[in-house]
Amino acid sequence: MKALAALLLIVAPAFASGTAKWEHDYQSALKRAKAEKKVVFMDLWTEWCGPCLHLQKNVFPTQEAQAALAKVVPFSALVQKRDGTPVAEGTRLSETFKLTAFPTMVILDENGKELRRQVGAFRSGAEFATWLNGK
């Protein structure tokens, strides 16, 4: 019984972190959105942004966020590395979508048309899920 409990302690965090399949290429995300008839959730972030890292470590892995992300095509685009070095696709997207701050999260239709956005982090997975679900 102790072995089973120990195994559950090891395996449970993997299940808690969810299984949303994130895209890391814009065109792949749009293609998948068309195929699955879903919108794209685009997360534009930098490695030096504290709120961006908070989302990735504490919000997106939550059960509530994972349930909401299952209904969309999640796409993550790194815009700048920790030392400020730009990343090509992320920089292009930040210019296309006229970013003014990080993190910026954008909901897109399957053709890449912006439907709505959120600038700044969410405190919890539930708060994020409510926004992502359009409520």
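See above for the structure.
The sections below set out a description of the structure shown in this document. Because the structure is predicted, anything quoted here is derived from the model rather than measured.

1. Re unusual backbone geometry
With the exception of glycine, the majority of residues adopt a negative phi angle, and the majority of peptide bonds are in the trans configuration.
Then, number 1: In this model, Phe-102 is joined to Pro-103 through a cis peptide bond whose omega is -10°.
Then, number 2: Within the element layout of this structure, Pro-103 appears in the loop between helix H5 (88–96) and strand E3 (104–108).
Then, number 3: One non-glycine residue, Lys-37, adopts positive backbone phi at about 55°.
Then, number 4: For Lys-37, the location among the structural elements is in the loop between helix H2 (26–36) and strand E1 (40–46).

2. Digging into the sheet that holds strand E4 (residues 114–119)
Within a sheet, neighbouring strands are paired by backbone hydrogen bonds and run either parallel or antiparallel to one another.
Then, number 1: As summarised here, the arrangement of the 4 strands in space is E2-E1-E3-E4, forming an open sheet in which the pairing is mixed. Strands with a single pairing partner mark the edges of an open sheet, and in this sheet they are strand E2 (73–80) and E4. Sheet twist, expressed as the average angle between the axes of neighbouring strands with direction ignored, equals 20°.
Then, number 2: The pairing of E3 with E4 spans 5 bridges and is antiparallel. Considered in E4, the bridge of Thr-104 is made with Val-119.
Then, number 3: Sheet strands touched by H2: E1, E2 and E3. Its angle to E2, the strand with the most contacts, is close to 170°.

3. Structural notes on helix H3 (residues 50–59)
Then, number 1: Listed in full, the buried residues belonging to H3 are Cys-52, Leu-55 and Val-59. Down the axis of H3, the sector holding all buried residues measures 95°, keeping them to one side.
Then, number 2: The inward-facing, buried residues of H3 abut E1, helix H4 (63–69), E3 and helix H6 (125–132).

What counts and how
- Sequence order as written defines residue numbering, which begins from 1 separately in each chain.
- Reporting in this predicted model follows two pLDDT cut-offs: at least 70 for local features of residues, and 80 or more for side-chain atom pairs to be given and counted; totals over whole chains, interfaces and linings ignore these cut-offs and use all residues.
- Values reported for side chains reflect all heavy atoms of the structure, with hydrogen atoms and water molecules removed beforehand.
- Numbering of helices and strands runs from the N terminus; a helix is a DSSP stretch of H or I covering at least four residues, while a strand is a stretch of E covering at least two.
- At least two bridges found by DSSP between two strands is the condition for calling them paired.
- Each axis is a line fitted through C-alpha atoms, and for a helix only the stretch in contact is used; angles between axes span 0 to 180 degrees, taken between their N-to-C directions.
- Only heavy atoms matter for contacts: two residues are in contact if any of them lie within 4.5 Å across the pair.
- Three exposure classes are used, based on accessible area relative to the maximum for each residue type with a 1.4 Å probe and protein chains only: buried under 20%, partly exposed in between, and exposed over 50%.
- Think of the arc as the fan of directions from the helix axis to the C-beta atoms.

The values are spatial; any link to function lies outside them.
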